[in-house]
Amino acid sequence: MKNLYAPIRARVTRIEELSENVRLFRFKKDRGRFAKNHGGLTFIPGQFVMAGVWGYGESPIGILSSPYEDSFMEILVRKVGVVTNALHRLNVGDEMTIRGPYGNGFPISSFEGKDVVMVSGGCGIPPIAALIEYIIQKRERFGRVYLLYGAATPEDILARKRLDTWGRHINILLTVDHPSPEWKGHVGLVSEMVKDIEINPLNAVATMCGPGPMMTALERILRPLGISDRRIYVSLERKMQCGIGKCQHCVTGDSYVCIDGPVYNFDEIDKNWD
Amino acid sequence: MQREAKKLKVGIFDFTDCEGCQVKLVSLRERLLALLERVEIVNWRLGQEKNRMDRFDLVLIEGCPITQDEIDLLKLLRERSTHLIGFGTCATMGGIPAIMDQKERAKWYNKIYGPQYKPRGIDSLPLTSYVKVDFLIHGCPVDENEIVRVMEELLSGKKPAYRGYSVCFQCKLAGNPCRLINGKPCLGPVTQGGCGAICVSGGSPCYGCFGIRDTAQIEGLLDILKGMADKEEIERYFTMFLRYTKEYNEIVRPFMERENG
Amino acid sequence: MIKNYKMEPVIERNSIPSLLKILSSDYSIIAPQERNGEVVFDDLKDPECLVLGYKVTILPPKKYLFPPEEILFTYSGKGVRTPSITSKKLLIFGLSLRDLEAITQLDEIMSTPHPDYFYWKRRSRSILVGVTDESVHAPPGGDLILERMDDELYRAIPLTQAGKKIVKGRFFKKQDILPHKGEGNQVMEELRKLLLDPETLAEAVKWSRAEGHPVWEELGKRCIGCGICTYVCPICHCFSMENSVSLDGSTCTRCRKWDACTLPGFARIAGGYDHHPSQKKRYYNWYYHKFVRGYKEYGKSQCVACGRCQTYCPARIDIEKELLGIVKDYREACG
Ligand SMILES: Cc1cc2nc3c(=O)[nH]c(=O)nc-3n(C[C@H](O)[C@H](O)[C@H](O)COP(=O)(O)OP(=O)(O)OC[C@H]3O[C@@H](n4cnc5c(N)ncnc54)[C@H](O)[C@@H]3O)c2cc1C
Ligand code: SF4
Ligand code: SF4
Ligand code: SF4
Ligand code: SF4
Ligand code: SF4
Ligand code: FES
């Protein structure tokens with residue numbers, strides 16, 4: 001029997017300051033590489049790790065790096081409380097803690113052969129980032145792929161460099177609310193970009209992320225595109241303490257976000273009454 | 001693991017009180033020594049001879065500011081400290097000095113000292129009535145383990161957190177019969193836990209010296225108390241330590257007034 | 001069922017303290033005793049202080065298998081250390097049938113989806129001996145059950161190897177057992193009946209929220225969120241984590257502590273958003289977990305009708321009465 005509550009040591013190998021409150025952390029295991037599942041992935045896009053600092057606790061954080069990468073993982077951490085502040089105080093070379101990956105992740109094999117529309121905003125990029133890396137790796141197996149990404153200002157667009165790389169393989173529609181003088185792209189709501197999307201709604205899947213804009217995304221983008229609720233996936237956020245289905249904090253309706261989620265089919269979401 | 005590289009500069013001050021909370025600090029023994037390894041005590045009247053009035057990273061204040069001198073010192077300490085922390089119920093909620101209300105006090109002064117006596121005390125209000133306070137370590141007296149917990153959190157750069165559970169948690173662990181169920185008032189359910197439920201274990205009620213806990217269901221408790229105590233008694237319970245809390249003024253008083261009218 | 005006139009092991013009431021004295025060389029004995037007019041499970045220092053035939057204890061025996069607070073690991077630069085649980089083996093004596101049933105449920109909960117290391121470290125080093133005034137038809141769990149025949153005599157029903165070993169001891173003898181009728185347990189008999197149909201309970205509790213049954217508004221006002229019903233429940237098992245760095249900065253500790261979903265903050269996330277923003281929602285979750293989610297996960301309600309939450313709730317909320325009301329209204333509304 002194992003003490004599943006004890007994390008393993010990891011070492012921070014790279015830190016990128018993406019905005020005042022958001023940092024990207026790359027870390028590797030102290031010993032060995034990350035184990036691969038039978039699909040050859042180190043995790044399923046949409047899964048999360050419990051990332052922490054000794055003595056400060058741990059928090060569920062979506063994995064951002066490619067699921068094919070086994071020498072490191074990357075996460076994007078917004079500074080909001082005890083653990084995330086402690087993570088932000090780490091320097092390259094410092095130790096952090098990891099448990100996981102946990103959660104269900106997107107049903108990626110069912111996405112194959114279909115058009116994919118991903119709607120995101122703010123910190124909602126991590127779970128999709130891994131999904132995009134996955135899609136790009138097997139690009140020929142997917143139909144038309146769109147990422148719709150809205151941010152308040154150009155500075156708030158996270159991981160710009162990565163977006164440029166992705167843009168060579170998938171369609172990226174960026175928009176900001178408040179442009180800077182250099183901004184050449186779209187200004188306004190994400191939903192205004194719907195007209196630029198060409199998909200076969202009967203053979204498409206969609207993902208929604210980010211906190212507030214979910215319902216808007218649904219009403220203004222995915223429904224007008226004709227994608228049915230059954231093929232829309234959302235990632236939910238609930239308080240977590242154990243990550244392994246024991247502590248009862250993450251429950252929503254009949255399920256545990258830490259093991260049955262965080263990814264839910266949108267037509268099931270009304271069962272998650274709390 | 002993260003450690004603060006330089007020692008925190010700490011000041012420990014006491015206003016009007018019984019010094020019982022500082023006794024608790026001293027009684028930490030080895031744990032106090034461990035703490036002293038990590039901090040530099042710049043000012044502690046009770047604990048050392050050479051004291052300075054520098055800038056402080058952390059100031060602990062015991063007792064209730066009653067005289068003008070104490071109030072002025074409090075304001076000065078606030079200016080000079082990064083973290084100012086109330087230490088013990090006298091500092092956090094007025095505590096023992098605040099139990100008697102002003103009218104009663106005047107009457108007793110008159111009785112004891114005669115009409116000529118000019119009291120030095122202005123009022124007995126908690127620190128928060130005069131300055132912004134960063135954290136309150138409640139307790140009459142404070143609990144040793146809670147002092148250690150809060151110090152650990154401060155030293156490791158965390159924002160100290162209040163306990164989310166009620167006194168009833170430790171009261172049930174101690175195996176006490178419940179006062180409320182036996183028709184005797186108790187403020188345990190609305191009071192922040194962490195004290196070990198010592199009063200109830202010792203046969204007394206909980207008067208709430210650990211402060212009102214987060215999102216306490218005070219009206220629900222008042223409904224229960226109503227069935228076992230009259231208005232004066234309920235008042236007496238809530239004014240023992242909680243008279244200057246927001247909840248007393250915003251929930252308990254209006255409730256009692258409604259009950260009367 | 002007991003066959004008529006069968007030779008079965010029995011023990012005399014008077015021999016029980018001596019039995020415990022002998023067992024105490026191998027086990028730490030935990031047993032019900034009186035403290036301040038209440039019965040509590042505690043270390044049995046003097047076997048004569050044992051209380052049998054009690055109604056209910058404040059805290060259930062779960063505290064010995066899932067302590068209110070326990071260290072999950074410490075870390076000190078050198079590495080992670082999981083605390084070893086090596087104290088003497090436990091023998092918990094005098095459990096009621098319902099407490100045995102609750103531990104059987106906890107065993108299942110603590111095995112799903114993964115075994116809980118700490119629970120099982122303790123559980124696998126413990127022996128459970130039930131003592132009951134009721135007649136035992138289907139033993140709900142434990143290693144040995146002593147069923148009271150009369151004031152002087154208990155029938156021994158060993159259920160595991162460990163139980164059989166105890167019964168081989170010299171305080172037990174074989175004797176013909178006459179068919180007899182036990183006393184029956186008068187605690188929460190109506191709730192007990194409801195629990196036989198956990199599906200209806202689940203449907204009714206779910207229905208009551210969906211239909212906005214007024215009982216939740218009322219209970220949300222009455223419940224003072226003290227958490228007592230959780231602490232005293234033999235099946236409640238949720239917890240939260242506490243992390244600390246020691247005063248000297250050398251050791252980091254993660255500890256888990258009993259939590260309760262009736263407390264604020266249980267479902268509150270960073271930034272203050274609360275998924276259970278009112279006492280009504282928090283209190284409803286208590287029922288939802290026990291009767292709806294519990295049923296979905298394990299096919300039974302997470303309640304054994306032990307009576308504790310009813311007995312020790314300072315707001316006098318009676319879960320039996322409330323559930324009876326909800327089920328009655330549900331049946332009327334949905335046939
Ligand atoms: C599936 C999932 C994926 C997430 N992915 C990311 C991500 O990629 N990047 C990011 O910055 N944030 C992410 N979050 C949110 C992140 O977990 C919280 O911001 C973080 O836990 C706050 O911890 P804290 O200690 O700093 O805050 P505190 O308020 O001090 O919280 C203390 C503890 O409460 C729990 N908690 C508090 N807020 C949350 C929350 N929102 N969700 C879950 N547990 C919480 C955690 O256990 C945390 O350690 C994700 C949350 C979930 C559920
Ligand atoms: S006696 Fe007071 S503190 Fe103890 S359980 Fe009852 S209400 Fe809570
Ligand atoms: S029981 Fe109540 S009054 Fe007594 S120490 Fe605890 S909080 Fe203070
Ligand atoms: S014991 Fe009663 S008052 Fe306390 S949380 Fe439970 S139901 Fe609410
Ligand atoms: S009666 Fe109450 S305390 Fe006992 S098992 Fe059921 S819910 Fe838990
Ligand atoms: S009912 Fe509530 S208190 Fe009990 S185990 Fe479930 S979540 Fe915890
Ligand atoms: S996080 Fe503990 S059960 Fe999901």
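First things first, this report covers the structure right here in the doc. (Residues numbered from 1 in each chain as written. Chains lettered and ligands numbered in written order. Predicted model: local features only at pLDDT ≥ 70, side-chain atom pairs only at ≥ 80, totals over all residues. Heavy atoms only, no water.)

### Structural notes on the overall build of chain B
Within chain B one finds 11 helices and 5 strands. In terms of C-alpha radius of gyration, chain B reaches 19 Å, essentially the compact-globule figure of 18 Å for 261 residues. With respect to the three principal axes, the spread of C-alpha positions in chain B is 60 × 55 × 30 Å. Each of the 261 residues in chain B was classed as buried or not, and the buried ones make up 52%. A separation of at least 24 residues holds for 74% of the contacts in chain B among residues at least 6 apart in sequence. Of the roughly 12,200 Å² of accessible surface on chain B, 52% is carried by carbon and sulfur atoms. When the 37 positive and 35 negative side-chain charges of chain B are each reduced to one mean point, those points stand 1 Å apart. (Helix = DSSP H or I, 4+ residues; strand = E, 2+ residues; numbered from the N terminus. Rg over C-alpha atoms; globule rule 2.2 N^0.38 Å. Buried < 20%, exposed > 50% of the residue type's maximum accessible area, 1.4 Å probe, protein only. Contact = heavy atoms within 4.5 Å. Areas by Shrake-Rupley, 256 points an atom, 1.4 Å probe, with all protein chains shown as cover. Lys, Arg positive; Asp, Glu negative; His and termini not counted. Charge placed at Lys NZ, Arg CZ, Asp CG, Glu CD.)

### Examining the nonpolar core
Of all hydrophobic cores here, the largest spans 185 residues; its most connected members are Met96(A), Leu222(A), Phe238(B) and Tyr287(C). With 8 residues, helix 9 (residues 279-298) of chain C is the single largest residue contributor to this core. Excluding anything up to four places from it in sequence, Phe238(B) contacts Leu187(B), Ile218(B), Leu221(B), Leu222(B), Leu225(B), Arg243(B), Tyr248(B) and Val252(B). The next biggest cluster of nonpolar side chains, apart from the first, holds 36 residues, and it includes Met118(A), Ile136(A), Leu147(A) and Trp183(A). (Core = buried A, V, L, I, M, F, W, Y, C linked by side-chain atoms within 4.5 Å.)

### Side note on the site of ligand 5
The immediate surroundings of ligand 5 are formed by 13 residues, with Cys233(C), Cys303(C), Val304(C), Cys306(C) and Cys309(C) found nearest. Only helix 9 and helix 10 (308-312) of chain C provide two or more residues apiece to the shell around ligand 5. (Near = heavy atom within 4 Å.)

### Here's the deal with the interface of chain B and chain A
Taken together, the contact between chain B and chain A spans 5 residues of the former and 8 residues of the latter. For the chain B and chain A pair, buried surface summed over both sides reaches about 550 Å², with 44% attributable to carbon and sulfur atoms. At the boundary of chain B with chain A, the tally comes to 0 salt bridges. Connecting chain B to chain A are 2 residue pairs in polar contact (both at pLDDT 80 or more). (Buried area = accessible area lost by both parts, 1.4 Å probe. Salt bridge = Lys/Arg side-chain N within 4 Å of Asp/Glu carboxyl O. Polar contact = N/O pair within 3.5 Å; in protein donor to acceptor, adjacent residues only side chain to side chain.)

### Examining the pairing of strand 3 (residues 48-53) of chain A
All names here are of chain A. With 6 of 6 residues buried, strand 3 lies mostly within the body of the structure. The alternating pattern of strand 3 places Phe48, Met50 and Gly52 and Val49, Ala51 and Val53 on opposite faces, both of which are buried. Bridge analysis of strand 3 against strand 4 (residues 57-62) gives 6 bridges, and the strand direction is antiparallel. Opposite Gly52, over in strand 4, you have Glu58 as the bridge partner. Where strand 3 hands over to strand 4, the hairpin turn is made up of 3 residues, of which Gly55 adopts a positive phi near 85°. As judged from the 4 bridges shared by strand 3 and strand 6 (residues 95-102), these two strands associate in the antiparallel manner. Bridging from a neighbouring strand, Gly52 pairs with Thr97 of strand 6. (Pairing = 2+ DSSP bridges.)

### Some words on the site of ligand 4
Taken together, 13 residues are adjacent to ligand 4, and Cys223(C), Ile224(C), Cys226(C), Cys229(C) and Cys313(C) come closest. The residue makeup of the shell around ligand 4, split by class, is 10 nonpolar, 3 polar and no charged. (Nonpolar A, V, L, I, M, F, W, Y, C, P; charged D, E, K, R; others polar.)

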